[in-house]
Amino acid sequence: MYRDNKHRAMNIMVLVFVGALASACVSDTLSNVDTTPQPLAAEKPPSYDPVQREQAIAEIRAKAEQPGSGELTSPYVEANGPNEPFTPAEQAAKIAELENTSRQNDVVVTDAELAEKQRSIRELQKKANSHYGNAVKQIKN
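Residues numbered from 1 in each chain as written. Predicted model: local features only at pLDDT ≥ 70, side-chain atom pairs only at ≥ 80, totals over all residues. Heavy atoms only, no water.

Describing the overall build of the chain
The test is simple: Numbering goes from the N terminus for both helices and strands, where a helix is a DSSP run of H or I of at least four residues and a strand is a run of E of at least two. For each residue, the accessible area found with a 1.4 Å probe, counting protein chains only, is set against the maximum for its type, and the residue is called buried under 20%, exposed over 50%, and partly exposed in between. Accessible areas in this description were obtained via Shrake-Rupley with a 1.4 Å probe; residue shielding takes into account the shown protein chains only.
Across its full length, the chain carries 4 helices and 2 strands. Put simply, the chain has 141 residues, and 1% of those count as buried. Summed over its atoms, the accessible surface of the chain is roughly 13400 Å², and 59% of this surface lies on carbon and sulfur atoms.

Laid out in structure tokens, this is it:
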């Protein structure tokens, strides 16, 4: 029994010593850390003119608040001028012309390629439908 108490006391002393040593190491490490606030990237100037940016944002927000004040984005506008969507007759004529050209050139489009192209078109149309509204919301925020 005497021996158990002696071992217990010695184990407790070792644990206290190790705990004190470990806490001293941690507190010593923490005391050397510089916790003062650092300035934000003040050394590097912005890559844009802040005054012009604020003016542009104010103009965009003013236009967004007045729904009838600006021209809406048209998905049919190209670099060489505005286009209108094809009428059903124009679509059929264009499809027939493309099919005729592909037959003349012996071009074969697989079903997988066609399905992928149609999926890509649907995805782009979905983005185009929501793009204007999302852009206005982002600008307002």
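There is more to say, and it comes next.
Comments concerning helix α3 (residues 88-104)
Rules: Here the expected length of a helix is defined as 1.5 Å per residue gap, with one fewer gap than residues.
For α3, spanning 17 residues, the distance from its first C-alpha to its last is 24 Å, which sits close to the expected 24 Å at 1.5 Å a residue. Of the residues one or two after α3, Asp106 is the one with positive phi, at around 55°.

Comments concerning the pattern of salt bridges
Stated precisely, the cut-off is as follows: The rule for a salt bridge is simple: a side-chain nitrogen of Lys or Arg has to be within 4 Å of a carboxyl oxygen of Asp or Glu.
As enumerated under the stated definition, the model contains 3 salt bridges in all. A salt bridge links Glu54 to Arg53, with the nearest nitrogen and oxygen atoms 3.7 Å apart. By relative accessible area, Arg53 is classed as partly exposed at 41%. As a salt-bridge pair, Glu123 and Arg119 come within 2.7 Å of each other at their nearest N and O atoms. In this pair, Glu123 and Arg119 are both assigned in helix α4 (residues 111-140), 4 residues apart and thus about one turn of the helix distant. Its relative accessible area of 36% is what places Arg119 among the partly exposed residues. The structure contains a network of salt bridges with shared partners spanning Glu116, Arg119 and Glu123.

Regarding the environment of Lys137
Locating Lys137 in the fold gives a position in helix α4. We classify Lys137 as exposed; its relative accessible area is 57%. Spatially, the C-alpha atom of Lys137 lies 8.8 Å from that of Ala64, the residues being 73 residues apart in sequence.

Concerning the confidence of the model for the chain
Cut-off, in case you're wondering: The pLDDT value tells you how sure the predictor is about a given residue, anywhere from 0 up to 100.
The predicted model of the chain has a mean per-residue pLDDT of 76, with 67% of residues at 70 or higher. No element of the chain has a lower mean pLDDT than strand β2 (residues 81-82), which averages 54, and none a higher one than α3, which averages 89.

Considering the packing of helix α2 (residues 50-65) against α4
Put simply, the rule is: To obtain each axis, a line is fitted to C-alpha atoms, and for helices this fit is confined to the stretch in contact; angles are then taken between N-to-C directions over 0 to 180 degrees. In what follows, roughly perpendicular refers to angles from 65 to 115 degrees, roughly parallel to angles under 35, roughly antiparallel to angles over 145, and oblique to any angle outside these ranges. Note on convention: the crossing is left-handed when the near helix lies turned anticlockwise from the far helix by less than a right angle, right-handed when the turn is clockwise. Here a residue-residue contact requires only that any non-hydrogen atoms of the pair lie within 4.5 Å. Throughout, the ten residues Ala, Val, Leu, Ile, Met, Phe, Trp, Tyr, Cys and Pro are labelled nonpolar, Asp, Glu, Lys and Arg are labelled charged, and all others, Gly among them, are labelled polar.
At a minimum axis separation of 9 Å, α2 and α4 run at an interaxial angle of 125°. Of the possible angle classes, the one that applies to α2 and α4 is oblique. Crossing handedness for the pair α2 and α4: left-handed. In contact with Ile60, Arg61 and Ala64 of α2, α4 contributes Val136, Ile139 and Lys140. Here the residues of the contact of α2 with α4 are counted per class, giving 4 nonpolar, no polar and 2 charged.

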